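Structural overview for review
Given next are the chains, with one letter for each unit.
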Amino acid sequence: MAKKKDENTELQILEAAKNVFQAKGMDGARMQEIADAASINKAMLHYYFRSKQLLFEAVFKNAFAMLAPQLNIILNDESSIEDKVKNFTSSYISFIIKHPYLPNFIIQELNRNPAFLQKIQENSTLLNIDKFKKRVELEISQDILKPISGEQLFINILALNIFPFVAKPLIKAFTKEDDAGFKKLMKDRRTEVSEFIIHAIKK
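Conventions used here
- Residues numbered from 1 in each chain as written.
- Predicted model: local features only at pLDDT ≥ 70, side-chain atom pairs only at ≥ 80, totals over all residues.
- Heavy atoms only, no water.
- Helix = DSSP H or I, 4+ residues; strand = E, 2+ residues; numbered from the N terminus.
- Buried < 20%, exposed > 50% of the residue type's maximum accessible area, 1.4 Å probe, protein only.
- Contact = heavy atoms within 4.5 Å.
- Areas by Shrake-Rupley, 256 points an atom, 1.4 Å probe, with all protein chains shown as cover.
- Lys, Arg positive; Asp, Glu negative; His and termini not counted.
- Charge placed at Lys NZ, Arg CZ, Asp CG, Glu CD.
- Salt bridge = Lys/Arg side-chain N within 4 Å of Asp/Glu carboxyl O.
- 1 Å grid on protein atoms, 1.4 Å probe; cavity = no way out; pocket = protein on both sides within 12 Å on 5 of 7 lines; lining within 4 Å.
- Points joined across faces, edges and corners; volume = space filled by probe spheres on them.
- Nonpolar A, V, L, I, M, F, W, Y, C, P; charged D, E, K, R; others polar.
- Domains from an automatic or database assignment.
- Axes fitted to C-alpha atoms, helices over the stretch in contact; angles between N-to-C directions.
- Parallel < 35°, antiparallel > 145°, perpendicular 65-115°, else oblique.
- UniProt positions renumbered as here; feature names shortened; annotations may be inferred.

The name given to the protein chain in an unreviewed UniProt entry is TetR/AcrR family transcriptional regulator, and the organism recorded there is Bizionia argentinensis JUB59.

Okay, structure coming up:
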C-alpha cells in the first residue's frame, strides 16, 4: 500500500511539474510553486527530487518516452517516404504543442552536458533511422524521389519541425503573433512542412 502511495505521489509531482515548466520554463519555475501545484510541502518534493534539474530531467524523460516510440513506428514501418514525412511531422508538432518545453530543454542540456544523451538512452529508445534511409534509397532507385541521402532528408525534417519551437520568441516578434497566433501557426505547419518537403524531394 505504501509503495502504491509513493508511485501516486511521484506521478502527482511530475504532472504538476510539467504544468509549471510549460507555463514558466526551466528558469522561471520554482520548487515551492511545483510543491504547491502538487499539493505537497517542499520537503516532500525534495524527498522525491533533490533538485529542480533532476525534476526537469524526470519530466523530460517521461515525455520523451511517450514521443520516441510513436516516431520510431513511423520511421520503421513499410509506408512510403511521403507518408512518413506527413505522419512524422504531424505527430511531432502535435506532441510538442502539448509539451513546448522539450526542444529548448534538449538543446540546453546537450550544450551544457553532452552526457545527457547517454542518460536518455538509459531509460528511452532513441530514434532509429536505418530503415528510413533504406526506404529513401529504394524510392530513389524507383525514380520516385530525387537523389538525396537519408541522413540529409532526416536532418531537414528535424530542422523544419524543431526550429520554430526553439525560436518561438523570435518568430512571434517577426510575425507579430501572440501565443494563440503562434500556436495556430504551428498547427498549420503540420501540413505546410510536409508539403514543402515532399514537393522538394519528389520527382
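Alright, that's what it looks like, and here's the rest.
On to the overall build of the protein chain. Across its full length, the protein chain carries 11 helices and zero strands. From first element to last, N terminus to C terminus, the protein chain shows the α and β order α-α-α-α-α-α-α-α-α-α-α. Looking at the protein chain as a whole, 37% of its 203 residues qualify as buried. Put simply, of all contacts in the protein chain between residues at least 6 apart along the chain, 67% involve residues at least 24 apart. For the protein chain, the exposed area adds up to about 11,600 Å²; of that, 55% sits on carbon and sulfur atoms. Between the mean site of the 30 positive side-chain charges and the mean site of the 25 negative ones, the protein chain shows a separation of 3 Å.

Proximity of charged atoms lets side chains of opposite charge pair with each other. Per the stated rule, a full pass over the model turns up 11 salt bridges. In this structure, glutamate 139 and arginine 135 form a salt bridge, with 2.9 Å as the shortest nitrogen-oxygen distance. Placement of the pair is glutamate 139 and arginine 135 together in helix H8 (residues 130-141), with a separation of four residues, close to one helical turn. The exposure class of glutamate 139 is buried, given its relative accessible area of 3%. We note a salt bridge from aspartate 143 to lysine 203, for which the minimum N-O separation is 2.5 Å. Residue aspartate 143 is found in the loop between H8 and helix H9 (150-166), and its partner lysine 203 is found in the segment after helix H11 (179-201); the two are separated by 60 residues along the sequence. Overall, aspartate 143 belongs to the partly exposed group, its relative accessible area being 48%. Overlapping salt bridges, with partners in common, bring together Glu82, Lys86 and Lys202 in one network.

In this structure, the largest pocket occupies an estimated 560 Å³ of space. When contributions to the lining of the largest pocket are tallied by element, the ones reaching two or more residues are helix H4 (52-76), helix H5 (81-98), helix H6 (102-112), helix H7 (116-123) and H9. Among the residues forming the lining of the largest pocket, the class breakdown is 23 nonpolar, no polar and no charged. If you add up the space inside the second largest pocket, you get close to 330 Å³. Gly25, Met26, Pro100, Tyr101 and Asn104 are, among the 15 residues lining the second largest pocket, the residues nearest its centre. At the level of elements, helix H1 (2-28) and H6 are the ones that each hand at least two residues to the lining of the second largest pocket. With seven residues, H1 is the largest single contributor of residues to the lining of the second largest pocket. Each residue belonging to the lining of the second largest pocket can be placed in one class, and the counts come to eight nonpolar, four polar and three charged. Both domains that furnish three or more residues to the lining of the second largest pocket are identified here as domain 1 (1-50) and domain 2 (52-201).

Contact pair helix H10 (residues 168-175) / H11: the axes reach a minimum separation of 10 Å and the direction vectors enclose 100 degrees. Compared by their axis directions, H10 and H11 come out roughly perpendicular. Of the residues in H11, those in contact with Lys168, Ile171, Lys172 and Thr175 of H10 are Asp179, Phe182 and Leu185. Residue classes in the contact of H10 with H11 are distributed as three nonpolar, one polar and three charged.

Before going further, it helps to spend a moment on the UniProt feature "domain: HTH tetR-type" (unreviewed entry) in the protein chain. In the numbering used here, UniProt assigns the "domain: HTH tetR-type" (unreviewed entry) feature to residues 7-67. Taken end to end, residues 7-67 is 85% helix and 0% strand, and its first and last C-alpha atoms sit 22 Å apart.

On to the packing of H6 against H9, then. As a packed pair, H6 and H9 sit with axes 8 Å apart at the nearest point and diverge in direction by 95 degrees. Taken as axis vectors, H6 and H9 run roughly perpendicular relative to one another. Residues Pro103, Asn104 and Ile107 of H6 pack against Ile162, Phe165 and Val166 of H9. Across the contact of H6 with H9, the residue classes tally to five nonpolar, one polar and no charged.

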